[in-house]
Every structure is written in structure tokens, then in C-alpha cells.
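What follows is each chain in one-letter form.
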Protein chains: 2
Amino acid sequence: MPTKNKVVRLPRRSTGARRLVDLPDPFPMHLGGELQGAEIAYESWGELSPERDNGILLFTGLSPSAHACSSPEDPINGWWEYMIGPGHPIDTRKYFVVCVNSLGSCFGSTGPSSLDPATGEPYHTRFPVLTVEDIARSGRHLARRLGIERLHSVVGASLGGMSALAYAAMFPGEVDRLVSISAALHAAPFAIAVRSLQREIIRSDPAWQQGNYEPGEGPVSGMLMARKLGLLSYRSMDEWRHRFGRDVAPGTDFEENPFGIHFEVESYLDYNSRKFIGGFDANSYLYLSRAMDLFDLANHGRSMNNAVSRLGTKDNLVMGVESDYLFPPFQQQEMADRMRQAGRKVRYHCLPCQHGHDSFLVDSDQFGPVVADFFS
Amino acid sequence: MPTKNKVVRLPRRSTGARRLVDLPDPFPMHLGGELQGAEIAYESWGELSPERDNGILLFTGLSPSAHACSSPEDPINGWWEYMIGPGHPIDTRKYFVVCVNSLGSCFGSTGPSSLDPATGEPYHTRFPVLTVEDIARSGRHLARRLGIERLHSVVGASLGGMSALAYAAMFPGEVDRLVSISAALHAAPFAIAVRSLQREIIRSDPAWQQGNYEPGEGPVSGMLMARKLGLLSYRSMDEWRHRFGRDVAPGTDFEENPFGIHFEVESYLDYNSRKFIGGFDANSYLYLSRAMDLFDLANHGRSMNNAVSRLGTKDNLVMGVESDYLFPPFQQQEMADRMRQAGRKVRYHCLPCQHGHDSFLVDSDQFGPVVADFFS
């Protein structure tokens with residue numbers, strides 16, 4: 001495995017647009033424990049209206065930072081560049097858009113790699129159990145700090161959609177609209193199994209050291225393989241079939257490494273995974289991944305139907321894609337059905353995208369118009 | 001990870017029914033290299049007819065031994081017990097059924113864990129590159145040694161179906177019927193990607209030692225995780241959804257291991273993977289896995305259509321299941337279509353099973369009647 005420890009490092013990203021707010025000190029966690037001196041990182045686009053009624057809070061999936069979109073302070077394209085901006089589906093001439101880096105992540109918000117003020121050492125696995133509810137509540141604190149008592153909308157995809165659902169359930173009088181994209185009321189067993197295996201792969205890398213690796217080091221090989229499993233589950237087999245066929249990757253030496261990279265699809269998986277792991281803290285990955293497994297909206301009521309009936313949003317957009325294995329169509333349909341049964345207004349779209357769970361990141365032609373219509 | 005190195009050992013299997021035949025010495029391999037003193041293990045059921053026209057050769061998937069069915073010499077149930085036997089779909093009152101342990105495997109046939117006569121040491125990764133064609137040709141030698149010049153049928157599922165296809169392409173005058181179950185004319189990119197990641201997980205386990213582990217030792221943790229990924233891809237998410245929901249496994253300690261086993265689906269995956277890895281050699285796994293990636297029936301002609309047109313079988317049964325990710329329905333349809341276009345007689349069934357790629361092992365109600373009809 002000659003390339004085992006090679007990591008593709010991305011150009012260092014500008015963080016000129018990143019802002020920080022303090023969380024209440026201490027910040028109690030949903031399943032016990034508390035954080036001292038915790039912070040949340042965010043970026044924003046557009047202006048808050050004098051009436052303070054145009055605020056949109058955007059939660060992210062497991063891996064992105066708050067840099068959803070470029071801005072004069074940070075001109076690098078964000079992870080949802082097509083969706084946000086002047087004249088874009090979420091139009092920043094009209095809305096004040098705030099994207100929050102999830103609590104527990106590693107792009108400015110307090111997480112396992114942050115220093116614990118009590119010890120002066122990184123938390124590592126002494127970070128308390130993280131839940132989607134903690135992410136939602138820290139986002140609500142951010143909104144309040146920005147002067148927003150009542151949000152126009154909460155928006156999120158994947159883990160972000162779960163965070164948006166938790167927000168609407170926990171603070172029912174404080175948000176008018178909900179956009180859930182490729183998320184779920186709770187994780188399905190298949191998705192739990194995939195994430196469980198990803199975590200086991202990371203923890204089995206000796207360089208994980210029970211979570212106590214040095215800053216900048218850690219389980220590179222384990223993260224690489226976990227990311228490959230992620231790409232296998234995010235993207236769809238149909239896409240790969242048309243894209244790669246049985247093409248052989250140039251420059252691979254079958255004699256030297258008969259079990260390694262030979263086909264183009266193997267090379268693609270390797271390159272794209274190396275791109276990712278250069279910037280992501282392994283312990284953050286473990287915590288955020290487990291938070292997705294643990295989330296169950298039903299915990300916010302006497303039953304799932306009761307919890308859904310308590311969502312305070314007056315309009316809801318539920319979107320998913322047909323080729324998503326992790327948050328499959330039946331879960332999208334279930335969410336929309338339960339909202340309707342609870343008397344909620346809901347627009348539902350299961351799109352025929354070919355890119356699996358990650359479609360919302362790339363399929364602007366299909367996602368853009370639906371989101372634009374909702375916000376117009 | 002307190003259970004990391006615990007392996008569930010199965011009761012030692014009787015091998016009283018296992019027979020061995022020598023391969024030609026040396027046995028040249030399809031992509032170069034040769035084996036000295038190589039053997040093939042097999043089991044058989046029923047009697048060869050005086051006309052020697054009732055022989056069925058059965059190739060296995062990646063992991064099973066030749067013990068497809070019980071017999072007086074080995075009364076333990078085999079991996080295809082429902083399919084083979086007196087009055088069963090492949091009726092041993094009528095047919096002489098021979099199941100071959102694939103060359104390169106570890107249940108009696110020569111493989112990477114066998115001693116290389118040239119050195120007196122195990123081959124490990126000095127075993128030559130293994131292909132489906134080598135498995136087919138060693139099976140053909142076995143048939144000849146049993147006195148069968150012309151087979152009634154070759155039968156196989158998964159890797160075994162590829163081996164059966166290779167057999168029919170390589171020895172077109174020597175087999176009358178073909179049964180391909182959940183196999184493919186060549187591996188799809190998604191399946192290659194899954195297997196590639198399984199191999200990387202195994203090779204990344206320090207206990208793999210570049211393939212040079214001691215007999216009985218080896219990459220237990222890597223094999224365990226590779227098997228879990230296998231189960232994720234073999235079984236279908238719908239099955240798990242109905243079976244597990246969000247049930248929590250009893251006896252798991254979330255406080256002690258927040259990233260480990262908590263949900264029932266995680267416990268299921270762990271238990272079933274530990275069962276498997278106790279008996280399977282890691283290097284055999286690597287070689288057989290890569291052989292599946294490398295197989296392409298098109299190599300047996302000027303084009304895929306040409307290769308299919310050269311299959312000498314006069315009747316063919318192509319079966320697959322709707323919930324199979326690894327050998328998906330489009331590949332089953334493609335195989336049947338190309339056979340028809342080549343003027344071959346073919347019966348095609350894509351079954352609505354819920355058990356994914358492994359359905360042929362468990363869904364006797366759906367597979368049994370179709371196979372029985374073909375052989376009646």
C-alpha cells in the first residue's frame with residue numbers, strides 16, 4: 001500500500017467570514033454533562049430586516065463547515081454556492097441567511113478537539129455525548145444573539161435536516177417554516193449499520209489511540225476507509241455504472257499491488273476520500289455520526305405522531321431523492337405523511353436524482369427550483 | 001472495544017464427505033504463474049448414470065465450502081440444503097451433483113494458505129493472481145476425473161455463477177445447460193468499489209502483516225469489518241427496517257463505549273460477522289474477491305455479444321433478485337437479453353425477494369420452484 005499515508009491537502013480555506021458567539025457558560029448537554037466556555041462558529045449573508053422577520057437558520061450535514069457560500073470576506077465557493085446568494089433560490093437580497101457550524105464539529109465550534117478549560121487539554125473522548133438536540137439548541141442561542149426571536153425558516157439537509165426538525169420541535173413558537181432535505185424523523189437500521197461500521201473502522205486504526213491522538217495527527221487510514229464507505233453509501237450505483245464502467249486507472253501497478261487500486265472507480269474513491277480527510281477531526285466525526293443514530297423525533301412527544309403534531313411551523317418543505325440509500329424515499333414519504341396527518345401544511349418532493357444522498361450538493365437543476373418556489 | 005478480538009468459533013465441521021483430486025502438475029494459471037501439486041476438494045450427492053449424462057457441477061460463492069448439502073458421511077446441514085437432495089429442486093435421485101471448493105479457497109482446495117512445494121512455506125501473497133477462469137478450469141478437470149465428458153449442467157450463484165459462465169464459454173461443447181443465480185457477465189463499478197474497500201480494510205489491519213501471518217492467526221479485526229461491509233451489501237435495507245427498527249441491544253453499555261454497539265442492528269451485524277471469520281483465511285478472501293472484479297465474459301470473444309454467442313449451452317436459466325445491490329437487476333436483465341439476442345434459449349426470473357444478494361441461500365420458497373422446474 002505505497003500511498004497509504006498520503007493525504008491530499010486542500011488549499012487552506014479563508015476563514016475571513018467566520019464569526020464566533022459564546023454559548024451560555026456552562027452549556028448543559030441534552031444527555032448529561034456540560035461544556036464550559038463553548039463557542040459556535042457561523043457565517044451569514046444578506047441583512048436582517050428592521051422587523052427581524054427574514055432570518056433563515058441553516059444547519060449542515062455531518063462534514064461541512066459554516067462556509068455554505070462565498071462572500072466578499074471569503075470569496076472561495078461554499079458547499080451550497082448554487083443555493084444561496086443574490087437571485088439564488090435562497091435569495092440574500094430578501095433573506096438574512098445564517099449557517100451554523102454544528103456543535104461538536106471542528107470548524108470553529110467547540111468540539112472534541114477543543115481545549116477543555118477544566119484541564120487545559122483537548123476533550124478527545126471526554127467530550128460529553130452529543131445529540132442533535134444540542135446542535136439545535138446551540139443554533140437557537142446563535143439566533144437569539146443575532147437579535148432573531150422568531151425565524152422565518154430553519155433549513156437543513158441530512159444531519160442538518162434532523163437539526164432543523166429538532167429545532168422546530170423544541171422551540172415551536174419560534175420558527176415559521178421548515179425545510180428538511182434528505183433527512184428523517186429518525187435513522188433507519190441500515191443507516192445506523194453503515195455509520196456504526198464507519199466508526200469501528202476509525203476506532204480500529206491504531207493511530208486513533210483511544211481518541212488521544214495529537215493535534216494534526218490521528219487515524220488517517222481509518223478516516224480514509226470510513227470516508228470511502230461514506231461515498232459508497234452517499235452516491236448511487238447507477239451514477240458509477242455510467243461514469244466508470246470497467247475502465248482501468250492509468251498508472252496503477254497490478255503486479256506490485258494486486259489487491260489495491262486497478263479500476264477507475266477505485267481510483268476515484270481513493271482520490272475523493274483523501275481530499276476529505278485532510279481537514280476533518282476524527283473524534284468530531286465519531287460524535288456527529290453517533291448523534292445521527294441517536295436522533296428520534298418521537299422523543300419530543302408521547303409518540304411520533306404526537307411529536308410531529310407539536311411542530312410549530314406553518315409551512316413545511318420535505319425533499320428527498322429516489323436514489324438515496326441512507327435516507328431512503330420511504331422515510332421522506334413518512335415524514336410528509338405524518339405532517340399532513342397532523343394537519344400541517346407540507347410540500348413534498350422525491351426527486352429522480354442519480355446522485356444518491358449527496359444530490360442536494362450537486363443537483364442544482366432539480367433542487368434549485370423547488371427551494372426557490374418555497375421561498376418566493 | 002472490549003470484544004474486539006473475540007471470535008465466535010463454530011462447531012468444527014465434519015469433513016467426512018470431502019474428497020480430493022489432484023490437478024495436473026504443474027497447473028498453469030490464466031494470468032501467468034503455475035501451481036505445483038495442487039488439489040481440488042469436492043463433495044458429491046447421487047450417482048453418475050451409466051450413460052454419464054446426469055452430472056451437475058456446482059460452483060460456490062466467495063465464502064462457502066463444498067459442503068452444499070448433508071450426506072451420510074457428513075450429516076451437518078450444508079449451505080444449500082433446501083436445494084439439493086432426494087425430492088429437492090436439484091433431485092439427487094435423478095442427478096449426480098458435484099460441488100467444488102473453488103481453487104484459491106481454504107476448505108481443502110489449494111489456496112494462499114497451502115504450502116508451496118518449492119519452498120515448504122505457505123504461499124501467502126506469492127500465490128499467483130487468481131481468476132474465475134482458473135476456478136472454472138480446475139472444476140472441469142474435476143469433472144473429467146469423475147468420468148464426465150459432458151455435463152448435464154453447470155450451476156452457480158454469485159462468484160459461482162461467474163465460474164459457471166466461464167465454464168460454458170471456455171468449454172462450449174462440454175456442458176448442455178447453465179444456471180446463473182445473482183451473478184453477472186462482469187462486475188459493476190459499485191460492486192468493485194465495495195470489494196476494493198473490503199480488501200483495503202483487511203490489508204490495513206496490522207495483523208495482516210503483508211499477508212505473512214501465522215496459520216490460525218491473521219487480521220481478525222479487519223476480516224470482521226470487511227464481513228460487516230459484506231453483510232451491509234448482501235442484505236437489503238428493507239429487511240433490516242422491518243426486523244430491527246430502532247430496538248436497543250440488551251447488555252450494551254453506552255457509557256463505557258459510546259461509539260460501539262448500542263442498537264440491535266449493530267449487535268446483529270457483529271454476531272453474524274464473528275461467526276464467519278472464525279473459519280475463513282484472509283488471503284483466500286483477498287484472492288477470491290479480486291477474481292470477481294477481474295472477471296469479464298467479454299474476454300472470451302471479440303465483444304460481449306460475441307462471447308455470449310459462443311456459450312455452448314442449449315438451455316439457460318438466469319435468476320436474480322430485485323433487492324440485490326451487488327449484482328443488481330439490470331445485470332440480470334442484461335445477461336438474459338444478450339443470451340436471447342444471441343439466439344440462445346433462456347428462462348429469466350428476477351424475484352421480489354427481500355434478502356438482497358444472499359436471497360438464494362435463504363429464500364427456498366421463491367428459488368426452489370424455479371430451479372425445480374428447470375431440472376424437471
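Residues numbered from 1 in each chain as written. Chains lettered and ligands numbered in written order. Predicted model: local features only at pLDDT ≥ 70, side-chain atom pairs only at ≥ 80, totals over all residues.

Caption draft 1: Up close: the overall build of chain A. When you go through chain A residue by residue, the secondary structure sums to 11 helices and 14 strands. The C-alpha radius of gyration computed for chain A amounts to 20 Å, which stays within 12% of the reference 21 Å derived for 376 residues, consistent with globular compactness. When its C-alpha atoms are laid out on the principal axes, chain A stretches across 65 × 50 × 45 Å. Taking all 376 residues of chain A together, the buried fraction comes to 57%. Sequence-distant contacts in chain A: of pairs separated by 6 or more residues, those separated by 24 or more amount to 71%. (Helix = DSSP H or I, 4+ residues; strand = E, 2+ residues; numbered from the N terminus. Rg over C-alpha atoms; globule rule 2.2 N^0.38 Å. Buried ≥ 20, exposed ≤ 12 C-beta atoms within 10 Å, placed from the backbone. Contact = placed C-beta atoms within 7 Å.)

Caption draft 2: The sheet that holds strand β5 (residues 55–59) of chain A, seen in detail. All names here are of chain A. As summarised here, the arrangement of the eight strands in space is β1-β4-β8-β5-β11-β12-β13-β14, forming an open sheet in which the pairing is mixed. Either end of the sheet is taken by a strand with one partner, and the two such strands are β1 (19–22) and β14 (346–351). Taking each pair of neighbouring strands and ignoring which way they run, the sheet shows an average axis angle of 20°. One ladder, built from four bridges, connects strand β11 (residues 153–157) with strand β12 (residues 177–181); its direction is parallel. Looking across to β12, one finds that G156 is bridged to S180. Across the face of the sheet, helix α11 (residues 364–375) comes into contact with β12, β13 (315–321) and β14 while running at roughly 175° to β14. (Pairing = 2+ DSSP bridges. Axes fitted to C-alpha atoms, helices over the stretch in contact; angles between N-to-C directions.)

Caption draft 3: Highlighting helix α1 (residues 132–145) of chain B. Residue and element names in this part refer to chain B. The end-to-end C-alpha distance of α1 is 20 Å, a good match for the 20 Å that 14 residues give at a rise of 1.5 Å each. For α1, the tally of buried residues reaches 11 of 14 residues, placing the bulk of the element in the interior. Among all positions in α1, only V132, E133, D134, I135, A136, R137, S138, G139, R140, L142 and A143 are buried. G147, located one to two residues past α1, shows a positive phi value of around 90°. (Expected span 1.5 Å × (residues − 1).)

Caption draft 4: Here's a closer look at the interface of chain A and chain B. Contacts between the two partners involve 40 residues from chain A and, on the opposite side, 40 residues from chain B. Sort the elements by how many residues they give to the side of chain A that touches chain B and helix α3 (residues 189–204) of chain A lands first, with 12 residues. In terms of residue class, the side of chain A that touches chain B is made up of 25 nonpolar, five polar and 10 charged. (Nonpolar A, V, L, I, M, F, W, Y, C, P; charged D, E, K, R; others polar.)

Caption draft 5: Local environment of the nonpolar core. In terms of nonpolar packing, the biggest core is built from 230 residues, with I56(A), V97(A), V98(A) and V97(B) touching the most fellow members. Broken down by element, this core gets its largest block of residues, nine residues, from helix α4 (residues 220–234) of chain B. Those residues in contact with V97(A) that sit more than four places away from it in its chain are S44(A), W45(A), G46(A), I56(A), L58(A), I84(A), I90(A) and T92(A). (Core = buried A, V, L, I, M, F, W, Y, C linked by C-beta atoms within 7 Å.)

Caption draft 6: Focus on the sheet that holds strand β14 (residues 346–351) of chain B. Residues and elements named next belong to chain B. Across the sheet, which stays open at both edges, the eight strands sit in the order β1-β4-β8-β5-β11-β12-β13-β14 with mixed pairing between neighbours. What marks the edges here is a single partner per strand, and that holds for β1 (19–22) and β14. Direction aside, neighbouring strands of the sheet carry axes that sit 20° apart on average. Against the sheet, helix α9 (residues 329–341) makes contact with β12 (175–181), β13 (315–321) and β14, and its axis sits at roughly 170° relative to β14, the strand it touches most. Each of β12, β13 and β14 touches helix α11 (residues 364–375); the most contacted strand, β14, lies at about 175° to it.

Caption draft 7: Geometry of the packing of helix α4 (residues 220–234) of chain A against helix α6 (residues 264–277) of chain A. Residue and element names in this part refer to chain A. The contact between α4 and α6 brings their axes to 9 Å, and the two run at 120°. In terms of axis orientation, α4 runs oblique to α6. Note on packing geometry: the crossing formed by α4 with α6 is right-handed. Side by side, α4 and α6 meet where V220, M223, L224, R227, K228 and L231 of the first sit next to L269, N272, S273, R274, F276 and I277 of the second. By residue class, the composition of the contact of α4 with α6 is seven nonpolar, two polar and three charged. (Parallel < 35°, antiparallel > 145°, perpendicular 65-115°, else oblique. Left-handed = near helix turned anticlockwise from the far one by under 90°.)

Caption draft 8: Quick peek at the relation of the copies chain A and chain B. Of the transformation placing chain A onto chain B, the axial shift is 0.0 Å and the rotation is 180°, giving an RMSD of 0.0 Å. As the rotation angle and translation indicate, the two copies are arranged about a two-fold axis. Residue by residue, 100% of the interface of chain A is reproduced at the interface of chain B, so both copies engage with the same surface. (Least-squares fit on C-alpha atoms with pLDDT ≥ 70 in both.)

Caption draft 9: Structural detail: the environment of E73(A). Residue and element names in this part refer to chain A. Relative to the helices and strands, E73 resides in the loop between β5 and β6 (84–85). Put simply, E73 and A17 are 56 residues apart on the chain and 5.1 Å apart in space, counted from C-alpha to C-alpha. When sequence neighbours within four positions are dropped, the list of residues in contact with E73 reads G16 and A17.

Caption draft 10: Up close: the domain arrangement of chain A. All names here are of chain A. Assigned domains of chain A: these are domain 1 (19–187 + 296–375) and domain 2 (191–288). Between domain 1 and domain 2, the C-alpha centre-to-centre distance is 26 Å. Listed by partner, the interface residues are 24 residues for domain 1 and 20 residues for domain 2. (Domains from an automatic or database assignment.)

Caption draft 11: Inspection of helix α9 (residues 329–341) of chain A at higher detail. All names here are of chain A. Over its 13 residues, α9 extends 18 Å from the first C-alpha to the last, a length consistent with the 18 Å expected when each residue adds 1.5 Å. Considered for burial, the residues of α9 that qualify are Q331, Q332, M335, A336, R338 and M339. All buried residues of α9 fall inside an arc of 165° around its axis, so they share one side. Against the buried residues of α9 lie β12, α8 (304–309), β13 and β14. Note on α9: the residue one or two positions beyond its end, G343, has a positive phi of about 80°. (Arc of directions from axis to C-beta.)

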